[in-house]
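Chain by chain, the residues run as shown.
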Amino acid sequence: MISIRRMSQSCMLRRALLILIASLPCWTTGYAQTTTDLPVRKGLVLHLDAGDTDGRGNGDLGDSMVVQNWIDKSGQGNHAVSPTPLESPKKGRGVMGPNLLPGVVFDGRNDFMIFNKAIAGVRTAVMVVYEDDAVQFPQTYAPLICNSARIIMHRGYRDSRYIEGAQYLSEGVPHKVRMNGKVIDQTQTKLEKDAAIIIVSFTGEGATVDQLGRDRNFTDRVLHGGIGEYALYDILLTETDMKILEGYLSDKYGIPLSGNVRYTKIDLVNPGFEEPGTGKIWHGFDDNPDVPGWSSKQWKNSGIEFGHHVERTGTSAAYLWAAEKASCYQITNHGIHDGEMYRLSFWANNAPNLKVELIGWTETREVPLAEAVFNHNSKDYMNYSLDCTVKPDLMAAGMWLGIRFTDINTPPPGQNTWAYIDDVELGYARPADVETNPLHQSVSWLYSFEDAKRKANAEKKKILAVFIRQNDLASTELDVRVLNSKDFQLRSAGYVTVKLDVDANVEMVEHYRIVVIPTVMIFDSRGHYLDGLSSINSERPDEQLYPLMDKMR
């Protein structure tokens, strides 16, 4: 009878546990939901989420819905409001990133929003944005961080996609700009046309932000594009915090981070221009192609091989003479597929207006995939790159991939300018080639405090210890609600994590007087106690645990 009773109690416990777990909120391993909080909240003074514009977790409320009030999820009450319904952006379904999440879309005519109070002392800005550079709005700026009286930060005028506003700042001069996980030179790197993750750090006293989507009070300088996420912090975020945010946003929107893509090399004919005449064709995209290889329309005076000013490898480089509107190009034997990502890298010298293009080509038509103009006046070679992803609406699938370099500088009458190009590389990747961000791997739990101390000392990390008891409902609930979540995986990247069963670690339990299960404690790399948390709210344990982890990181 005793054994039967014990089995019945065990079954009842398992049944109760299953009912409890089934009743808990759904925690997913990805970010298909769009209403989750940001994983870094310390210093957060504004959080606008296009998937939760009313701040109630309702997700996407429908396409083309007017967004006149955009609720701040930071808890600081910095809500964004449109002056009138006619100047309000709209919710767009499936417009942000490869995961096709909703975005708040500004029409480029008169849409903008103001904050109900100016947000001063902004030190870090985080955003997921895209710009629609449609021809009918050729003068549109892309305001990124906005103030009604001063230029803070915007994408440049007309065809310039550089963050040129950063050169004319009156306050909050940005000292660092990151795009898709990589620090960029804002005067040399163009913003992505597709959705991009941008993080800007400010020096000095920080910036004051009082509006969204408009450059100062210019009625013709308004954003034509979409915003998926917009967050402001009154502290300078650490490198770790920025990587955590980038990893979270990369997962949520499906935007690959630089360095996490494995590119396969595409063979080029004469990529270093070391064999004069090799693979040349004299016509090209608009005439009669012969064989894949480099070509120049102005071959009489602007040949593509030149033996001067070569500071890279070999003895030759591409030589473009701007008086001839010179260009050189190559058609590869790589067939284009929808969804493919391309990375073109090259070295350039003395190229003040070098236009670089990736194109799709057939004998009857040409499709632009991506382009950028690089401004480099130095005679020292510098490395540049151009990335793009092939969207289905480009109708480029099945075409051949091509590259074109053009010196578009217009010199004074009777004068010439020239540019040099060397060491061209091209690669492709497909979605399966995007590696998981190392910060997103499952948490690696240890189960011995001595093992945790050895690892923490070797890696110079703090220890996050969770004291649990086997078959304890509260311990299981903490696992389900927090420890198995992606947010915890991201936040715990800077810790050595260890789970300690209280029944197997009696001495530690008595020494630290642990009476409530579960209990969380943080130690330094040598095992010295720093801080802890015992009275954990079973409904929202993350609201207690995450601030502690952020504070002690």
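Within any chain, residue numbers begin from 1 and follow the written order of that chain's sequence. Totals for whole chains, interfaces and linings use all residues, but because this is a predicted model, local features are given only for residues with pLDDT of at least 70 and pairs of side-chain atoms are given and counted only at 80 or more. Note that water and hydrogens are dropped before the side-chain values are worked out from all heavy atoms of the structure.

*Asks:* Account for the overall build of the chain, naming residues and giving values.
*Replies:* For the purposes of this entry, the term helix denotes a DSSP run of H or I that reaches at least four residues, the term strand denotes a run of E that reaches at least two, and both are numbered from the N terminus. Each helix and strand in the chain was counted, giving seven helices and 30 strands. Among the 553 residues that make up the chain, the fraction classed as buried is 51%. Should any heavy atoms of two residues lie within 4.5 Å, those residues are counted as being in contact. Counting only contacts in the chain whose residues sit at least 6 apart along the sequence, the fraction spanning at least 24 positions is 73%. Only the protein chains shown count as cover for residues, and the accessible areas themselves come from Shrake-Rupley with a 1.4 Å probe. When the accessible surface of the chain is totalled, it reaches about 25000 Å², and 50% of it is carbon and sulfur. Using a 1.4 Å probe on the protein chains alone, a residue whose accessible area is under 20% of its type maximum counts as buried, one over 50% counts as exposed, and one in between counts as partly exposed.

*Asks:* Go over the side chain of Lys 91, please, and point to the residues and values.
*Replies:* Along the chain, Lys 91 falls in strand S5 (residues 90-96). When its relative accessible area of 1% is taken as the criterion, Lys 91 is described as buried. A polar contact is formed between the side chain of Lys 91 and the backbone oxygen of Ala 50, at a distance of 3.2 Å. Here a polar contact is recorded for every N or O atom pair within 3.5 Å, except that within protein the pair must consist of a potential hydrogen donor and a potential acceptor, and residues adjacent in sequence are included only if both atoms are side-chain atoms.

*Asks:* Please provide a residue-by-residue account of the sheet that holds strand S28 (residues 495-501), values included.
*Replies:* The pairing criterion is simple: DSSP has to find at least two bridges between the two strands. Taken in spatial order, the five strands make up an open sheet running S26-S28-S27-S29-S30, and their pairing is mixed. Edge positions in the sheet fall to strand S26 (445-446) and strand S30 (529-533), since each has one partner strand and no second. Pairing between strand S29 (residues 519-523) and S30: four bridges, direction antiparallel. Each bridged residue has a counterpart across the sheet, and for Val 520 the counterpart in S30 is Leu 533. Axes here mean lines fitted to C-alpha atoms, for a helix over just the part in contact, with angles spanning 0 to 180 degrees between N-to-C directions. Across the face of the sheet, helix H3 (residues 449-459) comes into contact with S26, strand S27 (462-468), S28 and S29 while running at roughly 175° to S28.

*Asks:* Please provide a residue-by-residue account of H3, values included.
*Replies:* Taken together, the buried positions of H3 are occupied by Phe 449, Ala 452 and Ala 456. When H3 is viewed along its axis, its buried side chains cluster within an angular range of 55° and face the same direction. Turned more than 90 degrees away from the buried face of H3, the exposed residues are Arg 454 and Ala 458. Those residues of H3 that are buried lie in contact with S26, S27, S28, helix H6 (506-511) and S29. One side-chain oxygen at the N-terminal end of H3 lies 3.4 Å from the backbone nitrogen of Glu 450; it belongs to Ser 448. This arc is built from the directions going out from the helix axis to the C-beta atoms.

Any functional reading would require information that these geometric values do not contain.
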